[in-house]
Amino acid sequence: MDEVGCRRKTRRIHLGSVPIGDGAPVVVQSMTNTETRDVEKTVNQIRRLARIGCEVVRVAVKDKEAAHVLSRIREKISLPLVADIHFDYRLALMAIEQGVEGIRINPGNMSGSRIREVVRAAQERGTVIRVGVNAGSLEKSIWVRYGGPCARALVESALSHVKRIEDMGWTQLKISVKSSHVPTMIEAYRMLADATDCPLHLGVTEAGTLLNATVKSAVGMGILLHEGIGDTIRVSITGDPTQEIPVAFGILRTLGLRLVGPEIVACPTCGRCEIDVAGLARKVEKRLLDFKTHLKIAIMGCVVNGPGEAKEADIGIAGGKGRGLLFKRGKVIGKLKEEEMLERLIREVYAMEKEREEKK
Ligand code: SF4
């Protein structure tokens, strides 16, 4: 497998202004859960997602009304918009006509002859197509041949559709082969990575609520990303999609792939703990949800390991009796009462961001 740096080499595609593949940073996506035809609610949710770092957004287009409002949504947002379409090729044509940057189709549930029309329209407008195969909606013939949605079955389905689209002359494509079974998903993406130079969109489908989804996504996507596989990612979490973005960036940051946002290092706490580390860490995380600069922030409970760890961070607090030490780039810059810690830390964090901006 060829690599760019430590990434798998792929063709470059563009979702609007966002480059994907061929060494571009791994892109973080999400999907709205509003009724798409409710333009106001959908736009508000997309803006919330954009504020916390989402880079591409997908909306469900399940009927003509939803397809009709796509251009109105698009003109009110700054992110590339991807229309998610199943079954009805006419919705795909309408979405392309409305100017979306991408469509996601599952060719397994769309008639082959109709896909030709969709591809032609996409080619004329420069619309990216994601061929999104899901274990739950695999074509019957492949399902029967393999006896279920195993990795080979998912890959065969995806590659046959991609080949058909490429034979029609359109190569602005990406592929996903999602499964809720993490080992299957890993195996399928590895096989795809060896078989095609298309950018790959990673995801674990139906991953569940926050805790489960975070674990499954971090394991499944983390392993693949560490192997250089994956060009866009979505962490699927049941409920509010804004939960997905910090988890996605957390995975990328942990692997050193995107150094954005605050990296909060908090001690696990023990009997020596002298401040409310968990409460403070949670509050800091919440307050810095839309903070984009990469800073390592340490919150430590006592003076045993606290000062050492806090010194390693860009900024940090080490708790003590009634007071805590505030460290910035290894130096103590203040002694704070517990009730002062949150506001002071946040103030210092924004000041550090400003300093960095000014240095650029
Ligand atoms: S930093 Fe202190 S309070 Fe926190 S786990 Fe270590 S020893 Fe315990």
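Only a predicted model underlies this, so the values are computations on that prediction, with no experimental measurement involved.

Enquirer: How would you sum up the overall build of the chain? Please name residues and give values.
Expert: Along the chain, the regular secondary structure elements total 13 helices and 17 strands. Rg of the C-alpha trace for the chain: 23 Å, near the compact-globule value of 21 Å for 360 residues, within the 12% margin. Summarising its shape, the C-alpha atoms of the chain cover approximately 75 × 40 × 35 Å along the three principal directions. Among the 360 residues that make up the chain, the fraction classed as buried is 44%. Sequence separation of 24 or more characterises 62% of the internal contacts of the chain that already satisfy a separation of 6 or more.

Enquirer: Go over unusual backbone geometry, please, and point to the residues and values.
Expert: Phi is positive for Phe87, close to 70 degrees, though the residue is something other than glycine. In this structure, Phe87 sits in the loop between strand E7 (81–85) and helix H4 (89–97). Residue Phe87 is classed as partly exposed on the basis of its C-beta count, with 14 C-beta atoms lying within 10 Å.

Enquirer: I'd like to hear about the sheet that holds strand E16 (residues 323–328), residue by residue, with values.
Expert: The sheet built from five strands is open, its strands ordered E13-E14-E15-E16-E17 with mixed pairing. A single partner strand is all that each edge strand has here, and the edge strands are strand E13 (262–266) and strand E17 (331–337). Direction aside, neighbouring strands of the sheet carry axes that sit 20 degrees apart on average. As paired strands, strand E15 (residues 315–319) and E16 are joined by five bridges and run antiparallel to one another. Among the inter-strand pairings, Gly319 is bridged to a residue of E16, identified as Gly324.

Enquirer: How would you sum up helix H9 (residues 210–226)? Please name residues and give values.
Expert: End to end, H9 covers 22 Å across 17 residues, agreeing with the expected 24 Å (1.5 Å per residue, within 8%). Within the span of H9, buried status applies to Ala213, Thr214, Lys216, Ser217, Gly220, Met221, Leu224 and Leu225. For H9, the secondary structure elements touched by its buried residues are helix H8 (182–195), strand E11 (201–203), strand E12 (232–234) and helix H10 (244–254). Looking one or two places after H9, you find Gly228, whose phi comes out positive at around 90 degrees.

Enquirer: Give me the lowdown on the sheet that holds strand E8 (residues 102–105), citing residues and values where you can.
Expert: Taking strand neighbours across the sheet as the criterion, the eight strands line up as E10-E9-E8-E7-E6-E5-E12-E11 in an open arrangement whose pairing is parallel. The sheet is open, and its two edges are formed by strand E10 (173–178) and E11, each paired on a single side. Averaged over all adjacent pairs, the angle separating strand axes in this sheet is 25 degrees, with direction ignored. As paired elements, E11 and E12 share three bridges and run parallel to each other. Its bridge partner being in E12, Leu202 is matched across the sheet by Ile233.

Enquirer: Describe the packing of helix H7 (residues 151–167) against H8, with residues and values.
Expert: At a minimum axis separation of 8 Å, H7 and H8 run at an interaxial angle of 40 degrees. The orientation of H7 with respect to H8, classified from their angle, is oblique. Here H7 and H8 pass one another in a crossing that is right-handed. In this structure, H7 contributes Ala151, Leu154, Val155, Ala158 and Leu159 to the contact, and H8 contributes Thr184, Glu187, Ala188, Met191, Leu192 and Ala195. Taken together, the residues of the contact of H7 with H8 break down into nine nonpolar, one polar and one charged.

Conventions adopted
- Residues numbered from 1 in each chain as written.
- Predicted model: local features only at pLDDT ≥ 70, side-chain atom pairs only at ≥ 80, totals over all residues.
- Helix = DSSP H or I, 4+ residues; strand = E, 2+ residues; numbered from the N terminus.
- Rg over C-alpha atoms; globule rule 2.2 N^0.38 Å.
- Buried ≥ 20, exposed ≤ 12 C-beta atoms within 10 Å, placed from the backbone.
- Contact = placed C-beta atoms within 7 Å.
- Pairing = 2+ DSSP bridges.
- Axes fitted to C-alpha atoms, helices over the stretch in contact; angles between N-to-C directions.
- Expected span 1.5 Å × (residues − 1).
- Parallel < 35°, antiparallel > 145°, perpendicular 65-115°, else oblique.
- Left-handed = near helix turned anticlockwise from the far one by under 90°.
- Nonpolar A, V, L, I, M, F, W, Y, C, P; charged D, E, K, R; others polar.

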